[in-house]
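Below are the chains, spelled out letter by letter.
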Amino acid sequence: MATHASRLLLITAALGATLAAHARIAVPASPAFLAANPQQPASTGLPSFGFDALVGDYRWLQAVQVVGNESADLVDAAPTIQRLIEAVVAVDPFVGHPYRFAALWLTNDVDQVRAGNRILERGIAYHPNEWRNRFYLSFNHFFYLGDVEAAARELEHVVELPGAPRYAASLLARLRSEKDGLEAAAAYLDELLQQTDDPWKQAELGKALDEIETERRARLLDQARAVYRKQAGRDIEKVEDLATGDAAILSELPAELHGWGWVLDPETGRIQSPYYGRRYRLNLQESDRARAQQWTGRDPLANGEESPQ
């Protein structure tokens, strides 16, 4: 009987403490209100009373609901999303997806991107073997900030992490080719090829090396084209003009590795292999390239772009 009374007293005391704690918690704004009023404080200082994961989950749900609100202006709501995610990772740094969620939604200006990068860096500190955080950080450095060197630095770590996609190495080679040239990219890929016994990775690396060699030969044709223009006073009409006719510069064209020959791209006028249908370089829309230059003064393709033909 005494034991029963003791338990009842303990339960009553716990209930009283819980009610007292709830009375001290400020009622946070609803996700719909936060989305419509992005400057409204998100009440990120919510006391956790030892329930850090629970508070983190609550803030995470708020952030998701702000993004999912059909009436939300997500550009204006970005500061709220940032505060909520910062609150999530502050009380529960071992969460996973919220780090990358921030990187997806904090992209409207350079300050937001850098804030998203800081959140990703925190995620890397707590999840050093999670390749996706570094991959997103690498993407942000290149795509939004135009920093090829920083993008390559982050991607170098990705290649070695468990679960990383097989294409990470070839993507890193492209980044390196923008900064250090084709030979450096090829040397890196060849070293990886010698170190792996995985047939899937071998195939991916072999394909990347094939693209680099195709690009090297296309650049030789670019050089011959420049000489042709200077000597003939006109441009070529087809790639074969470099090796045929009175103004020929070459005795023969370098072989296209797949037997497809060489063509002039109808849009850019550049020499390319129809097998790939593009030159070996990082792909970036002109509008995205211009944004990176406007935000940071960096041109992500400045080092690796071919001269206009």
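Residues numbered from 1 in each chain as written. Predicted model: local features only at pLDDT ≥ 70, side-chain atom pairs only at ≥ 80, totals over all residues. Heavy atoms only, no water.

**Student:** Lay out the overall build of the protein chain with the relevant residues and their values.
**Tutor:** Helix and strand counts for the protein chain stand at 12 helices and two strands. Order of helices (α) and strands (β) in the protein chain, N terminus to C terminus: α-α-α-α-α-α-α-α-α-α-α-β-β-α. The burial tally for the protein chain puts 43% of its 309 residues in the buried class. Considering only intrachain contacts with a sequence separation of at least 6, the fraction spanning at least 24 residues in the protein chain is 57%. (Helix = DSSP H or I, 4+ residues; strand = E, 2+ residues; numbered from the N terminus. Buried < 20%, exposed > 50% of the residue type's maximum accessible area, 1.4 Å probe, protein only. Contact = heavy atoms within 4.5 Å.)

**Student:** Hey, could you go over the nonpolar core for me, with residue numbers and the actual values?
**Tutor:** Judged by nonpolar contacts, the single largest core of 34 residues is most densely connected at Phe 142, Leu 175, Tyr 188 and Leu 189. Those residues in contact with Leu 175, other than ones at most four positions away along the chain, are Ser 138, Phe 142, Val 148, Ala 151, Ala 152, Leu 155 and Leu 282. Of all hydrophobic cores here, the second largest spans 21 residues; its members include Ala 63, Phe 101, Leu 106 and Ile 119. (Core = buried A, V, L, I, M, F, W, Y, C linked by side-chain atoms within 4.5 Å.)

**Student:** Describe the pattern of salt bridges, and please don't skip the residues or the numbers.
**Tutor:** A side chain of one charge can pair with a side chain of the opposite charge if their charged atoms are brought near each other. Counted under the stated rule, the structure contains 17 salt bridges. We note a salt bridge from Arg 229 to Asp 235, for which the minimum N-O separation is 3.3 Å. Its relative accessible area of 27% is what places Arg 229 among the partly exposed residues. By relative accessible area, which is 30% here, Asp 235 ends up partly exposed. Where Asp 299 meets Arg 289, a salt bridge forms, and the shortest distance between an N and an O atom there is 2.8 Å. Of this pair, Asp 299 sits in the segment after helix H12 (286–296) while Arg 289 is found in helix H12, placing the two residues 10 residues apart along the sequence. (Salt bridge = Lys/Arg side-chain N within 4 Å of Asp/Glu carboxyl O.)

**Student:** Explain the side chain of Ser 170 to me, and be specific about the residues and the numbers.
**Tutor:** If you trace the backbone, Ser 170 turns up in helix H9 (residues 168–180). Of note is the side chain of Ser 170, whose polar atom sits 2.9 Å from the backbone oxygen of Tyr 167. Excluding its chain neighbours within four sequence positions, the residues that come into contact with Ser 170 are Leu 189, Glu 204, Ala 208 and Tyr 280. (Polar contact = N/O pair within 3.5 Å; in protein donor to acceptor, adjacent residues only side chain to side chain.)

**Student:** Please set out the layout of surface pockets residue by residue, giving values where relevant.
**Tutor:** Empty space within the largest pocket amounts to approximately 440 Å³. As for the largest pocket, its lining consists of 20 residues, of which Phe 135, Tyr 167, Leu 171, Arg 174 and Leu 282 are closest to the centre. For the lining of the largest pocket, the secondary-structure elements that each account for two or more residues are helix H7 (131–143), helix H8 (148–160), H9 and helix H11 (199–232). When its residues are assigned to classes, the lining of the largest pocket shows 11 nonpolar, three polar and six charged. (1 Å grid on protein atoms, 1.4 Å probe; cavity = no way out; pocket = protein on both sides within 12 Å on 5 of 7 lines; lining within 4 Å. Points joined across faces, edges and corners; volume = space filled by probe spheres on them. Nonpolar A, V, L, I, M, F, W, Y, C, P; charged D, E, K, R; others polar.)

**Student:** Account for empty space enclosed by the protein, with residues named and values stated.
**Tutor:** As enumerated under the stated definition, the model contains one cavity of 30 Å³ or more in all. Its boundaries defined by the atoms lining it, the largest cavity holds a volume of some 80 Å³. Lining of the largest cavity is provided by Glu 211, Thr 214, Glu 215, Ala 218, Trp 262, Gln 272, Ser 273, Tyr 276, Arg 278, Arg 279 and Tyr 280. Top contributing element to the lining of the largest cavity by residue count: H11, with four residues. A per-class count over the lining of the largest cavity returns four nonpolar, three polar and four charged.

**Student:** Help me get a handle on the side chain of Thr 107, residues and values and all.
**Tutor:** Among the structural elements, Thr 107 can be located in the loop between helix H5 (97–105) and helix H6 (110–126). A relative accessible area of 18% means that Thr 107 is categorised as buried. Those residues in contact with Thr 107 that lie beyond four places of it in its chain are Gln 112, Val 113, Tyr 144 and Trp 295.

**Student:** Tell me about H9, residues and numbers included.
**Tutor:** Taking 1.5 Å of rise per residue, 13 residues should cover 18 Å, and H9 covers 18 Å from first to last C-alpha, within 8% of that figure. Where H9 is concerned, the buried positions are Ala 168, Ala 169, Ser 170, Leu 172, Ala 173, Arg 174, Leu 175, Ser 177 and Glu 178. Residues of H9 that are buried sit in contact with H7, H8, helix H10 (182–195) and H11. One or two steps after H9, the chain reaches Gly 181, where phi turns positive at roughly 100°. (Expected span 1.5 Å × (residues − 1).)

**Student:** Account for the packing of H9 against H10, with residues named and values stated.
**Tutor:** With their axes 7 Å apart at the nearest point, H9 and H10 run at an angle of 155° to one another. The pairing of H9 with H10 is recorded here as roughly antiparallel in orientation. In this structure, H9 meets H10 at a crossing whose hand is right-handed. Contact with H9, carried on its side by Ala 169, Ser 170, Leu 172, Ala 173, Arg 176, Ser 177 and Asp 180, involves Leu 182, Ala 184, Ala 185, Tyr 188, Leu 189 and Leu 192 of H10 and no other residues of that element. Split into classes, the residues belonging to the contact of H9 with H10 amount to nine nonpolar, two polar and two charged. (Axes fitted to C-alpha atoms, helices over the stretch in contact; angles between N-to-C directions. Parallel < 35°, antiparallel > 145°, perpendicular 65-115°, else oblique. Left-handed = near helix turned anticlockwise from the far one by under 90°.)

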